[in-house]
Amino acid sequence: MATIDLKTLFGMAIKTQRTSLGISQEELAHRADLHRTYVSDLERGVRNPSVDSIEKLARALQLSVSTLFEQASNGNGAKETVEILLVEDNPRDVELTKHSFAKAKITNPMHVVHNGAEALDFLFGTGAYATRRGDPHPQVVLMNLNLPKVGGLEVLRRLKADERTRDIPVIVLSASTQGRDIAECRRLGAANYIVKPVGFHNFSDVTPRLSLAWTLIKPNANMLAVT
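Residues numbered from 1 in each chain as written. Predicted model: local features only at pLDDT ≥ 70, side-chain atom pairs only at ≥ 80, totals over all residues. Heavy atoms only, no water.

Let us look at the packing of helix α7 (residues 116-124) against helix α8 (residues 152-161). It is the contact of α7 with α8, at a shortest axis distance of 9 Å, that shows an interaxial angle of 20 degrees. By the angle class used here, α7 and α8 are roughly parallel. Judged by the sense of rotation from one axis to the other, the crossing of α7 with α8 is right-handed. For the pair α7 and α8, the contacting residues are Gly 116, Leu 120, Leu 123 and Phe 124 in the first and Val 155, Arg 158 and Leu 159 in the second. (Axes fitted to C-alpha atoms, helices over the stretch in contact; angles between N-to-C directions. Helix = DSSP H or I, 4+ residues; strand = E, 2+ residues; numbered from the N terminus. Parallel < 35°, antiparallel > 145°, perpendicular 65-115°, else oblique. Left-handed = near helix turned anticlockwise from the far one by under 90°. Contact = heavy atoms within 4.5 Å.)

Now the structure itself:
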């Protein structure tokens with residue numbers, strides 16, 4: 001499966017909409033209350049936008065965030081999808097997550113690992129996944145908080161501490177509704193926190209807020225299925 005350059009597609013969508021409005025980069029930066037160099041970097045696809053800047057740009061471009069994402073997705077003729085890494089040790093929860101996606105006809109490629117150590121190996125190309133070194137990272141990580149071998153909080157801490165993986169949105173899955181758990185995940189950089197069981201609706205509610213996670217594409221029948 002070909003690698004999608006999300007930053008490039010997002011930059012193309014910004015530039016296309018800006019051009020259609022007949023405004024310069026300087027004017028867009030002014031309307032969005034952003035620096036012109038920052039806008040230029042986004043359009044060239046060399047910078048990851050923050051959630052805050054995505055919202056500012058969408059307003060300045062007279063679009064909703066979801067519409068801006070959709071335009072960027074449509075700019076990719078191959079209709080590539082967001083690849084998901086699911087880190088979950090409970091087989092029942094794995095099946096529930098897959099079922100909720102399949103029921104909603106979400107066929108994004110999903111790779112499953114079963115503990116924190118395996119997740120780190122997959123993401124950093126070490127151990128059993130040494131052959132993945134240098135391969136593209138998944139665009140979204142869905143991770144159980146209570147994992148064997150290496151806990152979810154420690155996995156999150158390591159991902160956000162490494163420049164190679166710090167921009168990957170991590171959505172924490174947990175049965176816990178304790179405020180302290182949620183606060184610690186937020187402090188460490190989690191994009192969102194979903195209380196189990198995972199359903200399509202509670203996941204899709206947060207995707208428009210993710211930096212470069214995008215809305216999930218519902219591809220044609222010939223696209224890869226969740227496996």
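From this point on, the discussion continues.
A separate point is the pattern of salt bridges. Tallied over the full model, the rule gives ten salt bridges. The salt bridge involving Arg 44 is made with Asp 41; its shortest N-O contact spans 2.5 Å. You can see Arg 44 and its partner Asp 41 sitting in helix α3 (residues 36-44), three residues apart, about one turn around the helix. The salt bridge involving Asp 52 is made with Lys 56; its shortest N-O contact spans 3.5 Å. A residue pair is termed a helical-turn pair when its members lie 3 or 4 positions apart in one helix, as Asp 52 and Lys 56 do in helix α4 (residues 51-60) at four residues. Given the relative accessible area of 44%, Asp 52 is considered partly exposed. Within the structure, one salt-bridge network assembled from shared partners comprises Asp 41, Arg 44 and Arg 47. (Salt bridge = Lys/Arg side-chain N within 4 Å of Asp/Glu carboxyl O. Buried < 20%, exposed > 50% of the residue type's maximum accessible area, 1.4 Å probe, protein only.)

Turning our eyes to something else, we now look at the packing of aromatic side chains. Evaluated as defined, the whole model comprises one aromatic pair. Where Phe 122 meets Tyr 129, the ring centres are 5.2 Å apart and the plane angle is 80 degrees; that geometry is what we call edge-to-face. (Phe/Tyr/Trp six-rings, centres within 6.5 Å; stacked < 30°, edge-to-face > 60°.)

Here the focus is the environment of Thr 19. Checked against the element boundaries, Thr 19 lands in helix α1 (residues 6-21). The exposed category is assigned to Thr 19, whose relative accessible area is 52%. Remark: the alpha-carbon pair of Thr 19 and Leu 61, spanning 42 residues in sequence, is separated by 9.9 Å. Engagement of the side chain of Thr 19 in a polar contact is seen with the backbone oxygen of Lys 15, the distance being 2.8 Å. (Polar contact = N/O pair within 3.5 Å; in protein donor to acceptor, adjacent residues only side chain to side chain.)

The next subject is the sheet that holds strand β4 (residues 170-174). Ordered in space as β2-β1-β3-β4-β5, the five strands form an open sheet in which the pairing is parallel. Each edge of the open sheet is held by one strand with a lone partner, namely β2 (110-113) and β5 (192-195). Pairwise comparison of adjacent strand axes, ignoring direction, gives a mean angle of 20 degrees for this sheet. Pairing of strand β1 (residues 84-87) with strand β3 (residues 140-144), which is carried by four bridges, proceeds in the parallel orientation. For Val 87, the partnering residue across the bridge sits in β3 and is Met 143. Those strands touched by α7 are β1, β2 and β3, and its axis lies near 135 degrees from that of β2. In the packing of α8 onto the sheet, the strands contacted are β3 and β4, and the crossing angle to β3 comes to about 155 degrees. (Pairing = 2+ DSSP bridges.)

The subject of this paragraph is the nonpolar core. Within the largest apolar cluster, 24 residues are counted, with the highest numbers of intra-cluster contacts made by Leu 85, Val 87, Val 113, Leu 123, Val 141 and Met 143. For this core, the elements supplying multiple residues, two or more each, are β1, α7, β3, α8, β4 and α9 (179-188). The dominant element in this core, judged by the number of residues it contributes, is α7, at five residues. Setting aside residues up to four positions removed in sequence, Met 143 forms contacts with Val 87, Gly 152, Val 155, Leu 156, Val 170, Ile 171, Val 172 and Leu 173. Leu 34, Val 39, Leu 42 and Ile 54 belong to the second-largest nonpolar core, a separate cluster that totals 21 residues. (Core = buried A, V, L, I, M, F, W, Y, C linked by side-chain atoms within 4.5 Å.)

If a residue is not glycine, its phi is most likely negative; likewise, a peptide bond is most likely trans. One non-glycine residue, Asp 33, adopts positive backbone phi at about 60 degrees. Tracing the sequence through the fold places Asp 33 in the loop between α2 (25-32) and α3. The backbone of Lys 149 shows a phi angle near 70 degrees, a positive value even though the residue is not glycine. Along the chain, the position of Lys 149 falls in the loop between β3 and α8.

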